[in-house]
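Take a look at the letters that make up each chain.
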Amino acid sequence: MAKFLIVEARFYDHLNDMLIDGAREALAAEGHEAEVLTVPGALEVPGAIAMAVDSGQYDGFIAIGVVIRGETFHFEIVAGESARGIMALTMDGIAIGNGILTVENDEQALVRADPKQKNKGGEAAQAALALLDLQGRFAR
Ligand SMILES: Nc1c(NC[C@H](O)[C@H](O)[C@H](O)CO)[nH]c(=O)[nH]c1=O
Ligand SMILES: CC(=O)[C@@H](O)COP(=O)(O)O
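Keep in mind it's a predicted model, so treat the numbers as computed, not measured.

The rules behind each value
Residues numbered from 1 in each chain as written. Chains lettered and ligands numbered in written order. Predicted model: local features only at pLDDT ≥ 70, side-chain atom pairs only at ≥ 80, totals over all residues. Heavy atoms only, no water. Phe/Tyr/Trp six-rings, centres within 6.5 Å; stacked < 30°, edge-to-face > 60°. Buried < 20%, exposed > 50% of the residue type's maximum accessible area, 1.4 Å probe, protein only. Near = heavy atom within 4 Å. Polar contact = N/O pair within 3.5 Å; in protein donor to acceptor, adjacent residues only side chain to side chain. Areas by Shrake-Rupley, 256 points an atom, 1.4 Å probe, with all protein chains shown as cover. Helix = DSSP H or I, 4+ residues; strand = E, 2+ residues; numbered from the N terminus. Nonpolar A, V, L, I, M, F, W, Y, C, P; charged D, E, K, R; others polar.

A.B. asks: It is not clear to me how the packing of aromatic side chains should be interpreted in this structure. Could you clarify?
C.D. replies: Aromatic ring pairs are reported here in terms of the distance separating the ring centres and the angle at which the planes meet. The final tally for this structure, using the stated rule, is two aromatic pairs. Judged by centre distance (5.6 Å) and plane angle (65 degrees), the rings of F11 and Y12 are edge-to-face. What makes F11 exposed here is its relative accessible area of 56%. A relative accessible area of 24% places Y12 in the partly exposed class. On the basis of an interplanar angle of 65 degrees and a centroid distance of 6.1 Å, the ring pair of Y58 and F61 is categorised as edge-to-face. Side by side, Y58 and F61 carry an identical accessibility label, which is buried.

A.B. asks: Help me understand the site of ligand 2 in this model?
C.D. replies: For ligand 2, the full set of nearby residues is V67, I68, G70, E71, T72, H74, F75 and V78. Note that an oxygen atom of ligand 2 is positioned 3.3 Å from one of the backbone N or O atoms of I68. Contact distances for ligand 2 include 2.6 Å between an oxygen atom and a side-chain N or O atom of T72. Protein chains shield 70% of the accessible area of ligand 2, which is 330 Å² for the free molecule. Contributions of two or more residues to the shell around ligand 2 are made by β3 (60-68) and α3 (74-91). Per-element accounting of the shell around ligand 2 gives the leading share, three residues, to α3. Classifying every residue of the shell around ligand 2 by side-chain character gives four nonpolar, three polar and one charged.

A.B. asks: Would you explain the site of ligand 1 in this entry?
C.D. replies: Every residue lining ligand 1 is accounted for by A9, F11, Y12, G41, A42, L43, E44, V66, V67, I68, H74 and V78. E44 places a side-chain nitrogen or oxygen 2.6 Å from an oxygen atom of ligand 1. Protein coverage of the free-state accessible area of ligand 1, which is 430 Å², stands at 73%. At the level of secondary structure, the elements contributing two or more residues to the shell around ligand 1 comprise β3 and α3.

Structural data, given as structure tokens:
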């Protein structure tokens, strides 16, 4: 059994709850467990994962959050920089699935957060599982 850490940027409670449900279901289907760590926003997610990696307590990570475009350029910064930070960690060989939604409105977010619809939380968990499997395959 692998131990995962779900690092969630808790900006929209109801959406995060669905994303986490989807991620947990995907992990449980493969017999794995997950803890949840909450940070203020998507920009804090890569740093929190980096800190957790250094602890050596987890086999893989799932980033969860929702970034909804507002009136300013800040959406590009939050969406782009959180994704860039996560990708940098992944390129270091860390098993991370990115379930941070970057959308235009609540409706788009709801469809993607819902495990019965696009289930992006479950998708992110599957990605983390795939990378963890590759770690084992290439480490031998
Ligand atoms: N607008 C959203 C944010 N913004 C907050 C940033 O992520 C960050 O916490 C702040 O700039 C302090 O460093 N975060 C989200 O996750 N979603 C948003 O829609
Ligand atoms: C994604 C964001 O940072 C956004 O929610 C902030 O809204 P605004 O651009 O209207 O300040």
